[in-house]
There are 2 protein chains.
Amino acid sequence: MRSGRRPGSPDTRQVILDAARDAFAEKGYDTSSVRAIATRAGVDPALIHHYFGTKEKLFLACMDAPVDPHAVIAVIVAAPRDRIGNQIVRVVLGVWESPAGTAAAALVRTSISGEWHARLLREFLTTQILRHLAAPLGLDAAEAPLRTNLVASQLVGLMYTRYILRLEPLASAPVEELVEIIGPNVQRYLTGDLDLTGTGAATADR
Amino acid sequence: MRSGRRPGSPDTRQVILDAARDAFAEKGYDTSSVRAIATRAGVDPALIHHYFGTKEKLFLACMDAPVDPHAVIAVIVAAPRDRIGNQIVRVVLGVWESPAGTAAAALVRTSISGEWHARLLREFLTTQILRHLAAPLGLDAAEAPLRTNLVASQLVGLMYTRYILRLEPLASAPVEELVEIIGPNVQRYLTGDLDLTGTGAATADR
């Protein structure tokens, strides 16, 4: 493993990142405190705050995310509520068509190669993307986890079939056509009248 | 690489399978003839027919598919046309919940690890599953490729998020609830009123 050359103590920074990745994958994001990560890394918690700021920023650094998911979400939720489905497809395809898409594909490829990576990506998707989508849209708190999971199921599948399997004609279809075709399905998952009574939506909290 | 011990000439059988996999991934299923595969394997075409029967059966043997996709499709298309979406979700989740699901997950995992495997899975999905779905449903021939690609995008994403990433509460949701929630979206892709004019659907043929 190579650690990048950075000002300060590159080794300490890398040790913190490794400890944080392990903690987020093993214990989950919510139950991993900065203090526990500091103990695992053998450093003072103040050092983590010094290097990374918040726990959230530490997680973003861990994932080496090609785009800031919170900035992407801000663009999505700025759309009219009844056009959010279309906007999600437009923005997500925009990221994947950009240079950042290559890095995003690498994240997905890695996640499938092992349980540890899958758990890290799951924590990232759940706490840094889907959760941040639910609140601004005013989704019912009990229903939001399943609704946003369903959105993820469509978008992850779209990425996989369009950019990795490259099914034709889906892989060559223009973005705006896919927005119009797939957007309404995403919209239905978010705000449609779904019968969620039997899915445990009322008790699930993430 | 280990070749299984089988009666007859196990090495010949394995040589044919390897040649066929290479041909299907490189040239595609449609343009790979049994004769070309025989040449590549250095055997007589009659031997391929002897071991495997048809080119289609040879492809199924190549993929070591955990279930016969044609049998699965027969169950799907037996449903009333306006309930095909629900039936697809039900049948596909049924396969993934069965012991065959583990083997299917291995296929998906492998496909993401390299271009060669992705092309093989793409050929398999396109020619052995999606194409066989289009005809019995009487889909418009020009629209069928994109419509069935869209169905694949939802179902592959559902598998990935439910069984590999294990997003909750999606991973724990009962099958029949997911059938009712996701089925209508799949139905819309198959038979809904979509504007496909700009997607190249009129010229695409697979």
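Residues numbered from 1 in each chain as written. Chains lettered and ligands numbered in written order. Predicted model: local features only at pLDDT ≥ 70, side-chain atom pairs only at ≥ 80, totals over all residues. Heavy atoms only, no water.

Under the annotation held in an unreviewed UniProt entry, chain A carries the name TetR family transcriptional regulator and is attributed to Virgisporangium ochraceum.

Asker: Let's hear about the interface of chain B and chain A: which residues, and what values?
Answerer: Taken together, the contact pairs 46 residues of chain B with 46 residues of chain A. Of the roughly 4,100 Å² buried between chain B and chain A, counting both surfaces, carbon and sulfur atoms make up 61%. Summed over the shared surface of chain B and chain A, the number is zero salt bridges. On inspection of chain B and its partner chain A, the count reaches 15 residue pairs in polar contact (both at pLDDT 80 or more). Elements with a contribution of two residues or more to the side of chain B that touches chain A: helix H7 (100-112), helix H8 (115-137), helix H9 (144-164) and helix H10 (175-191) of chain B. Examining the composition of the side of chain B that touches chain A, we find that 13 residues originate from one element, H9 of chain B, more than from any other. A per-class count over the side of chain B that touches chain A returns 26 nonpolar, 10 polar and 10 charged. (Contact = heavy atoms within 4.5 Å. Buried area = accessible area lost by both parts, 1.4 Å probe. Salt bridge = Lys/Arg side-chain N within 4 Å of Asp/Glu carboxyl O. Polar contact = N/O pair within 3.5 Å; in protein donor to acceptor, adjacent residues only side chain to side chain. Helix = DSSP H or I, 4+ residues; strand = E, 2+ residues; numbered from the N terminus. Nonpolar A, V, L, I, M, F, W, Y, C, P; charged D, E, K, R; others polar.)

Asker: Could you give an account of unusual backbone geometry, naming the residues involved and the relevant values?
Answerer: Residues and elements named next belong to chain A. Going from glutamate 168 to proline 169, the amide bond is cis rather than trans, its omega being 15 degrees. Relative to the assigned elements, proline 169 resides in the loop between helix H9 (144-164) and helix H10 (175-191). With a phi angle near 55 degrees, arginine 166 is a residue other than glycine that sits in the positive phi range. Checked against the element boundaries, arginine 166 lands in the loop between H9 and H10. When its relative accessible area of 36% is taken as the criterion, arginine 166 is described as partly exposed. (Buried < 20%, exposed > 50% of the residue type's maximum accessible area, 1.4 Å probe, protein only.)

Asker: Run through the packing of aromatic side chains, naming residues and quoting values.
Answerer: Going through the model one piece at a time under the given rule, you end up with 12 aromatic pairs over all chains. Note on tyrosine 29 of chain B and phenylalanine 59 of chain B: the rings are 5.2 Å apart at their centroids and 20 degrees apart in plane angle, and the pair reads as stacked. Of this pair, tyrosine 29 of chain B sits in the loop between helix H1 (10-27) and helix H2 (34-41) while phenylalanine 59 of chain B sits in helix H4 (residues 55-63), and the two are 30 residues apart along the sequence. Using a relative accessible area of 0% as the deciding quantity, one classes phenylalanine 59 of chain B as buried. Aromatic side chains tryptophan 96 of chain B and tyrosine 163 of chain B sit 5.5 Å apart centroid to centroid with 25 degrees between the ring planes, which places their arrangement in the stacked category. Separated by 67 residues along the polypeptide, tryptophan 96 of chain B in helix H6 (residues 84-97) and tyrosine 163 of chain B in helix H9 bring together distant segments of the chain. Here tryptophan 96 of chain B and tyrosine 163 of chain B have matching classes, each one buried. Linked through ring pairs, Phe24, Tyr29, Phe59 and Phe124 of chain A together constitute an aromatic cluster. Over the aromatic face of tyrosine 29 of chain A sits the side chain of lysine 55 of chain A, whose NZ or CZ is 4.5 Å from the ring centroid. (Phe/Tyr/Trp six-rings, centres within 6.5 Å; stacked < 30°, edge-to-face > 60°. Lys NZ or Arg CZ within 6 Å of the ring centre and 35° of its normal.)

Asker: Residue-level account of the confidence of the model for chain A, with values.
Answerer: Residue and element names in this part refer to chain A. Averaged over chain A, the pLDDT score is 87; the fraction of residues at 70 or greater is 90%. Mean pLDDT across the secondary structure elements of chain A bottoms out at helix H7 (residues 100-112), with 74, and peaks at H10, with 97. Across residues 1-7 the pLDDT falls below 50, and counting only partners more than four positions away or on other chains, this stretch makes six contacts in the model. (pLDDT = per-residue confidence, 0-100.)

Asker: With reference to specific residues and values, describe the environment of arginine 21 of chain A.
Answerer: Residue and element names in this part refer to chain A. Mapped onto the fold, arginine 21 is located in helix H1 (residues 10-27). Taking the C-alpha atoms as reference points, arginine 21 and alanine 61, separated by 40 residues in sequence, lie 9.7 Å from one another. Leave out the neighbours within four places in its chain, and arginine 21 touches Gln14, Cys62, Trp116 and Leu120. For arginine 21, the side chain forms a polar contact with the side chain of aspartate 18, separated by 3.1 Å.

Asker: For helix H5 (residues 69-77) of chain B, give the residues involved together with the corresponding values.
Answerer: Residues and elements named next belong to chain B. Every buried residue of H5 is accounted for by Pro69, Val72, Ile73 and Ile76. Down the axis of H5, the buried set is contained in an arc of 100 degrees. They therefore lie on one face. Elements that come into contact with the buried residues of H5 comprise H4, H6 and H8. Sitting at the amino-terminal end of H5 is aspartate 68, which places a side-chain oxygen 2.9 Å from the backbone nitrogen of histidine 70. (Arc of directions from axis to C-beta.)

Asker: Before we move on, can you summarise the UniProt feature "DNA-binding region" (unreviewed entry) in chain A with the specific residues and values?
Answerer: Within the UniProt annotation, "DNA-binding region" (unreviewed entry) is assigned to residues 33-52 of chain A. In residues 33-52 of chain A, the share of helix is 80% and the share of strand is 0%. The end C-alpha atoms are 14 Å apart. (UniProt positions renumbered as here; feature names shortened; annotations may be inferred.)

Asker: Can you tell me about the packing of H5 of chain B against H8 of chain B, naming the residues and giving the values?
Answerer: Residue and element names in this part refer to chain B. Where H5 meets H8, the closest approach of the two axes is 10 Å, and the angle between their N-to-C directions is 25 degrees. The angle between H5 and H8 places the two elements in the roughly parallel class. At the point where H5 passes H8, the crossing takes the right-handed sense. On H8, the residues touching Pro69, His70, Ile73, Ile76 and Val77 of H5 are Phe124, Gln128, Ile129, His132, Leu133, Pro136 and Leu137. Of the residues belonging to the contact of H5 with H8, the class tally is nine nonpolar, three polar and no charged. (Axes fitted to C-alpha atoms, helices over the stretch in contact; angles between N-to-C directions. Parallel < 35°, antiparallel > 145°, perpendicular 65-115°, else oblique. Left-handed = near helix turned anticlockwise from the far one by under 90°.)

Asker: Could you give an account of the relation of the copies chain B and chain A, naming the residues involved and the relevant values?
Answerer: Once chain B is rotated about the relating axis by 180 degrees and shifted along it by 0.0 Å, it coincides with chain A to within an RMSD of 0.0 Å. Such a combination of rotation and displacement between the chain copies is what one expects of a two-fold axis. Minimal C-alpha separation from the rotation axis in chain B is found for glycine 157 of chain B, amounting to 1.7 Å. Here 100% of the interface residues in chain B have copies in chain A that are interface residues too; the copies meet face to matching face. (Least-squares fit on C-alpha atoms with pLDDT ≥ 70 in both.)

Asker: Lay out the nonpolar core in plain terms, naming residues and giving numbers.
Answerer: In terms of nonpolar packing, the biggest core is built from 142 residues, with Ile88 of chain A together with Ile88 of chain B touching the most fellow members. Filtering out sequence-adjacent residues up to four positions away, isoleucine 88 of chain B remains in contact with Ile76, Leu133, Val151, Leu155, Val186 and Leu190 of chain B. (Core = buried A, V, L, I, M, F, W, Y, C linked by side-chain atoms within 4.5 Å.)

Asker: Outline the side chain of arginine 122 of chain A, listing residues and values.
Answerer: Its location among the elements puts arginine 122 of chain A in helix H8 (residues 115-134). Buried within the structure, arginine 122 of chain A lacks any salt-bridge partner; glutamate 123 of chain A is the closest side chain of opposite charge, at an N-O distance of 4.6 Å. Residue contacts for arginine 122 of chain A: discarding those within four places in its chain leaves Leu165, Arg166 and Leu167 of chain B. (Lys, Arg positive; Asp, Glu negative; His and termini not counted.)

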